[in-house]
Every structure is written in structure tokens, then in C-alpha cells.
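# Commentary on secondary and tertiary structure
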Amino acid sequence: MSTHSNWLICGVDEAGRGPLAGAVYAAAVILDVERPIEGLADSKKLSEKKREYLAEQIRERALAWAVARAEAEEIDSINILQASLLAMRRAVEKLSPVPSEALIDGLHCPKLAMPCRAIVKGDSSVAEISAASILAKTARDAEMLRLHLEYPQYGFDRHKGYPTAMHLEALRRHGASEIHRRSFAPVKLAIAHKLI
């Protein structure tokens with residue numbers, strides 16, 4: 001892909017489908033071949049420090065990038081898959097220039113105005129998707145650290161909302177907060193437990 005041709009590929013990935021709290025995030029990235037970034041990989045395989053470093057590189061060097069989200073209420077009303085696709089669509093629609101094609105990590109494509117391909121394990125094999133996975137993950141982690149200050153009793157700084165033993169215990173003890181995803185079974189259980 002050359003930035004001099006008119007064909008621009010964007011990579012798209014999400015972060016935060018599994019957690020019990022907070023928004024699901026997505027990022028879309030168009031890389032610049034003139035400004036390569038070393039070390040792009042699936043965000044889950046990188047250390048936090050390396051992800052932060054690469055996120056900065058991507059924001060500086062990419063031709064275009066965008067991050068978007070779908071809130072816990074949206075996840076509860078349309079389900080986590082549809083909310084992930086919605087966040088992806090929002091991220092792609094924020095890009096300027098507009099990409100010619102979108103490569104999406106996983107099995108499903110959001111509804112987009114341009115051609116779109118779903119690539120299983122794309123975050124490990126396509127640099128643009130790796131870059132998107134890094135931006136989505138670092139943006140979501142930063143948000144969970146911010147939410148930890150509002151809701152310190154849940155330990156979001158430690159588990160980022162994922163269903164760890166610590167988080168499940170905090171849910172049992174304190175019930176669900178307004179940022180918990182009420183359609184997820186452990187949260188439903190915690191709410192029912194509080195009602196008894």
C-alpha cells in the first residue's frame with residue numbers, strides 16, 4: 001500500500017468485550033508507509049509499557065487514527081457484539097482521509113461505507129490492525145484507571161473491569177455501579193443478590 005496511491009487501508013480492532021464494566025472501545029488506523037513503526041503486534045502480547053510507547057508512536061506517525069466507544073448502556077441494549085461493531089463504525093467514521101478499505105479483526109464487519117474484510121487473528125498478522133488494537137487497549141485502560149478514582153471499591157486499576165476473583169468479590173460486596181454491564185451474568189447475579 002502506498003500513500004501516494006489513492007488506496008488507503010485502515011485497520012480496526014476493539015478492546016473490552018470481556019469486562020463486566022465500562023465501555024467497549026474501538027480504534028481505526030491508517031498507517032503511513034513513509035513513517036514505519038517498529039514492533040507493532042497484538043496489544044495483548046505486549047507489556048503495558050511497550051503498548052504505551054507504541055500508542056504514542058502511532059498517534060505521531062499514522063496518516064490517520066481515531067478512537068471511539070460504545071457505553072455500558074448501549075452494550076446492555078444491543079448486546080456486546082453489536083456494541084463492539086458500533087464502536088468500530090464510529091471509529092472508522094471519524095477518520096480523515098476516508099479509507100478505501102477497512103480490515104477488521106475477528107469474524108464480523110461493522111456496517112461501513114467502504115469495502116470491509118474480517119480477518120481472524122488480524123491483530124497478529126496485519127500491521128494496521130495491530131496498531132488499532134494498541135490504541136483501543138491503551139485508551140480503554142486509561143479510562144478504567146480514571147473510573148477507579150470514582151469507584152475505588154471495585155479495583156478497576158488492577159483488573160480493568162475483567163471478571164477476576166477480586167472483581168467478583170467486590171461486586172458481591174458492593175453490588176453493581178452505574179458503569180457495570182447489567183446484561184452480563186455476574187452483574188445480574190450481584191444485582192439480584194442485593195435485592196434479596
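Residues numbered from 1 in each chain as written. Predicted model: local features only at pLDDT ≥ 70, side-chain atom pairs only at ≥ 80, totals over all residues. Heavy atoms only, no water.

To continue, consider the pattern of salt bridges. Enumeration according to the criterion identifies 14 salt bridges in this entry. For Glu101, the salt bridge goes to Arg117, with nearest N and O atoms at 2.9 Å. Here the residue Glu101 occupies a position in strand β4 (residues 101-105), and Arg117 occupies one in strand β5 (residues 116-119), the gap between them amounting to 16 residues. The class for Glu101 is buried, based on a relative accessible area of 11%. Linked through salt bridges whose partners overlap, the residues forming this network are Arg69, Glu71, Glu143, Arg146 and Glu150. (Salt bridge = Lys/Arg side-chain N within 4 Å of Asp/Glu carboxyl O. Helix = DSSP H or I, 4+ residues; strand = E, 2+ residues; numbered from the N terminus. Buried < 20%, exposed > 50% of the residue type's maximum accessible area, 1.4 Å probe, protein only.)

This part takes up the nonpolar core. The biggest cluster of nonpolar side chains holds 36 residues, and the ones touching the most others in it are Cys10, Val12, Val24, Leu95 and Phe156. When contributions to this core are tallied by element, the ones reaching two or more residues are β1 (9-15), β2 (24-30), β3 (64-70), α3 (80-93), β4, α5 (127-150), α7 (165-174) and α8 (185-195). Here this core gets seven residues from one element, more than from any other, and that element is α3. Sequence-distant contacts of Phe156, that is, excluding residues within four places in its chain, are made with Ala21, Met144, Leu147, His148, Tyr151, Gly161, His167, Ile179 and His180. (Core = buried A, V, L, I, M, F, W, Y, C linked by side-chain atoms within 4.5 Å. Contact = heavy atoms within 4.5 Å.)

An ideal rise of 1.5 Å per residue puts 20 Å on 14 residues; α3 measures up with 20 Å between its terminal C-alpha atoms. Within the sequence span of α3, burial applies to Ile80, Ala83, Ser84, Leu85, Leu86, Ala87, Met88, Ala91 and Val92. Check the buried side of α3 and you find it contacts β1, β2, β3, α2 (72-78) and β4. Between the side-chain oxygen at the start of α3 and the backbone nitrogen of Leu81 there is a gap of 3.0 Å, and the oxygen is on Asn79. (Expected span 1.5 Å × (residues − 1). Polar contact = N/O pair within 3.5 Å; in protein donor to acceptor, adjacent residues only side chain to side chain.)

Time to look at unusual backbone geometry. Across the junction of Ser96 and Pro97, the peptide omega takes the value 5°, indicating a cis bond. Position of Pro97 relative to the elements: it lies in the loop between α3 and β4. Positive phi outside glycine occurs at Asn79, with the angle close to 90°. Of note, Asn79 is situated in the loop between α2 and α3. Its identity is not glycine, yet Lys160 carries a phi of approximately 55°, on the positive side. Considering the arrangement of structural elements, one finds Lys160 in the loop between α6 (156-159) and α7. According to the relative accessible area criterion, Lys160 is buried, its value standing at 11%.

This paragraph deals with the packing of helix α1 (residues 48-61) against α5. To describe two helices that pack against each other, one gives the angle between their axes and the distance between the axes. The N-to-C vectors of α1 and α5 enclose an angle of 115°; their axes lie 9 Å apart at closest approach. When you trace α1 past α5, the crossing you get is left-handed. Together, Arg51, Glu52, Leu54, Ala55, Ile58 and Arg59 of α1 and Ala131, Ile134, Leu135, Lys137, Thr138 and Asp141 of α5 make up the contact between the two elements. Here the residues of the contact of α1 with α5 are counted per class, giving six nonpolar, one polar and five charged. (Axes fitted to C-alpha atoms, helices over the stretch in contact; angles between N-to-C directions. Left-handed = near helix turned anticlockwise from the far one by under 90°. Nonpolar A, V, L, I, M, F, W, Y, C, P; charged D, E, K, R; others polar.)

Strand order in the open sheet formed by five strands is β3-β2-β1-β4-β5, with mixed pairing between adjacent strands. Each edge of the open sheet is held by one strand with a lone partner, namely β3 and β5. Averaged over all pairs of adjacent strands, the angle between their axes in this sheet comes to 20°, without regard to strand direction. In terms of strand pairing, β1 meets β4 through four bridges, oriented parallel. Within the sheet, the bridge partner assigned to Ile9 lies in β4 and is Glu101. The sheet contacts of α3 involve β1, β2, β3 and β4, and relative to β2 the element is tilted by about 35°. On the sheet, α5 packs against β1, β2, β3, β4 and β5 and is oriented at approximately 35° with respect to β1. (Pairing = 2+ DSSP bridges.)

A cluster of like negative charges, contributed by Glu48, Glu52, Glu56 and Glu60, occupies part of the molecular surface. Along the chain, the position of Glu60 falls in helix α1. (Patch = residues over 30% accessible without salt bridge, like charges linked within 9 Å, V, L, I, M, F, W, Y side chains within 5 Å. Areas by Shrake-Rupley, 256 points an atom, 1.4 Å probe, with all protein chains shown as cover. Lys, Arg positive; Asp, Glu negative; His and termini not counted. Charge placed at Lys NZ, Arg CZ, Asp CG, Glu CD.)

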